[in-house]
Amino acid sequence: MPRCTEPTGEASPAQAVARVVEAVHGLPGTALPGAQAATLARALGECLDAESVTLCLRLPLPPTGDPDATATRDRVRRYHWGRPDRAGPDRPGGDERRAAPDDDRATAGRSDPDTGLGDDQRFLADVSVQPAVAGERLHRWPELRTVVRLLLADIQAQLRAAEAGKLVGRSATRLADARSRAAGEIERQRFQLERDLHDGAQPHLVALQMSLAVVEHQLGVGRTAEAAHHLDRLRQLLASTEEVLHTTATGLLALPLADHGLVAALTARLGALETIVLDVDPLLAGRRYPPEVEATVYLACLEAISNAHKHAPGAEVTLTLRSSAAGLGFEVADTGPGFDTGGRMPLHHLAARLAAVGGTLSVRSSPGEGTRVTGFVTI
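In this report, we go over the structure that sits alongside the text. As the structure is a computational prediction, the values presented were derived from the model and not from experiment. (Residues numbered from 1 in each chain as written. Predicted model: local features only at pLDDT ≥ 70, side-chain atom pairs only at ≥ 80, totals over all residues. Heavy atoms only, no water.)

Let us look at the packing of helix H8 (residues 262-270) against helix H9 (residues 291-311). Relative to each other, H8 and H9 sit at 25°, their axes nearing to 10 Å. In terms of orientation, H8 and H9 fall into the roughly parallel class. For H8 against H9, the interelement crossing comes out right-handed. For the pair H8 and H9, the contacting residues are Leu262, Ala265, Leu266, Arg269 and Leu270 in the first and Glu294, Val297, Tyr298, Cys301, Leu302 and Ile305 in the second. Classifying every residue of the contact of H8 with H9 gives nine nonpolar, no polar and two charged. (Axes fitted to C-alpha atoms, helices over the stretch in contact; angles between N-to-C directions. Helix = DSSP H or I, 4+ residues; strand = E, 2+ residues; numbered from the N terminus. Parallel < 35°, antiparallel > 145°, perpendicular 65-115°, else oblique. Left-handed = near helix turned anticlockwise from the far one by under 90°. Contact = heavy atoms within 4.5 Å. Nonpolar A, V, L, I, M, F, W, Y, C, P; charged D, E, K, R; others polar.)

And the structure:
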C-alpha cells in the first residue's frame, strides 16, 4: 500500500484519510474485527510515518453484580504494528497482532496513551504512536482523528456484538440445562407421589371396596344387624383413607402451609430454633399467594437455611420475608465464613425451581463476609 509521508507538500490530511479508509474497507467482506484493527494500526502508522502504532480497544466487562466494579473495569484488546524496515537488534519490527484470550486484560483505569479516542458517550481506545513527532501529526490532523474514531467505533461494535452472541449462546445452553433438570425433578416427584399412593392410599381403597361388598352381601341376605356393624367399620376406613391421602398430599407441602400460608408454615418450622432470626414483613400477616408460589418459596427458604447450617455450623442465620406491589421476596443470610463463588451460580437447581414460577435467585458470598441467598417471585 502506498505510504503517506510527513505533510511537506507530498501528502495531505485528505490523502491520509482516503488511504486509511481504503486499507480497512479494502479487506474482504468476511474480515474479522481483529484483522480490521490490525490493518488500521498498520495504515495509520504508514500515513504518520511512525515507527510503531498500538491500538488498545476497551470493551466493558460482563456485569458482575457490583455496580462500582462494573463501572471502573474494562477488558483491553491490544493490536500492535511496528515498521519492518526499521527493525533492528534493539527494535523488533513487523506486523504484530495480539488478541484474546492472551491479550484480554482487566484494567482499573486509563493508561498514559499518546491519544485517547472516544465520542460523547463512551471511551473507545488508547492510541500510542512512536516516535512522538509522528503522534503530533495525528493531533494536527483532526480529519484523520475523526475517521480513526469512526473506524474504531465500528470495530468495537463488531467485537461487542460477537461477545453478545456468545453470551446468548451460553444463556440458551444454561436454559436448556435448567429445563432438563426441572423436568427430571418433576419426574422424580411424580414417581415419589405414585409410590406413596401405591404404598399408602391403595391398600385403604382396596379395604373400602371389600367392606362395601360385604355390606352389600349382608343387606342382600337380610342380615341388617351385621350390615350396620360393617357400616361403622366402613366409616372408620373412610376417615383413615382421608388421613392417608391428606398425609400423602402434604408430604410435599407442610400442613400449616396448605392451611394457613407461608408465614405460618415457616414460623411453625423455624420459630423454635435459637440460631435462626425471622424478620417478617407485617404486610405478609395472613396474606396468601398462589399455592405453587408458596410451596416454592417455602422449600427454597428451608433449603437455603439447611445449606447455611451445613456449611456454616453455629453461625446465626436470618430469614427475611418482604412483600411489595411487585411480588414476594426472601433472603437467607448467615454470618459464616463465606466462600469464593468463582463467578459460578451455586444452588442452580433451586434457581430453576424459582424460575418455574417466575422467580429469580442470586447468591452473594466472599471469604469472611458470610453468604446471602436472595430470591424474588413476581406476582
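More follows now that the structure is in view.
For the rest of this paragraph, the subject is the sheet that holds strand S9 (residues 327-334). Strand order in the open sheet formed by five strands is S7-S8-S9-S11-S10, and the pairing between neighbours is mixed. The sheet is open, and its two borders are formed by strand S7 (276-280) and strand S10 (359-365), each paired with just one other strand. Strand-to-strand twist of the sheet, defined as the mean angle between neighbouring strand axes without regard to direction, takes the value 10°. Judged from the seven bridges that link them, strand S8 (residues 317-323) and S9 form a sheet pairing that is antiparallel. Along S9, the bridge assignment pairs Val317 with Asp334. This element, helix H10 (residues 348-355), spans S9, S10 and strand S11 (371-378) of the sheet and lies at about 155° to S10. (Pairing = 2+ DSSP bridges.)

Note that the residue after Gln130, namely Pro131, is joined by a cis bond; omega there is 0°. When you line up the elements, Pro131 lands in the loop between strand S6 (123-130) and helix H4 (132-140). Residues other than glycine seldom take positive phi values, yet Asp49 does so here, at roughly 55°. Here Asp49 shows up in the loop between helix H2 (33-47) and strand S1 (52-60).

So, about empty space enclosed by the protein. For the coordinates displayed, the defined rule picks out one cavity of 30 Å³ or more. Each pocket or cavity is described by its volume, and for the largest cavity that value is around 30 Å³. In terms of lining, the largest cavity is formed by Val263, Leu266, Thr267, Leu278, Asp279, Val280, Leu319 and Leu321. When contributions to the lining of the largest cavity are tallied by element, the ones reaching two or more residues are H8, S7 and S8. The class makeup of the residues in the lining of the largest cavity is six nonpolar, one polar and one charged. (1 Å grid on protein atoms, 1.4 Å probe; cavity = no way out; pocket = protein on both sides within 12 Å on 5 of 7 lines; lining within 4 Å. Points joined across faces, edges and corners; volume = space filled by probe spheres on them.)

A few words on the environment of Arg174. Mapped onto the secondary structure, Arg174 falls in helix H5 (residues 142-220). Take Arg174: its relative accessible area is 52%, and that puts it in the exposed class. (Buried < 20%, exposed > 50% of the residue type's maximum accessible area, 1.4 Å probe, protein only.)

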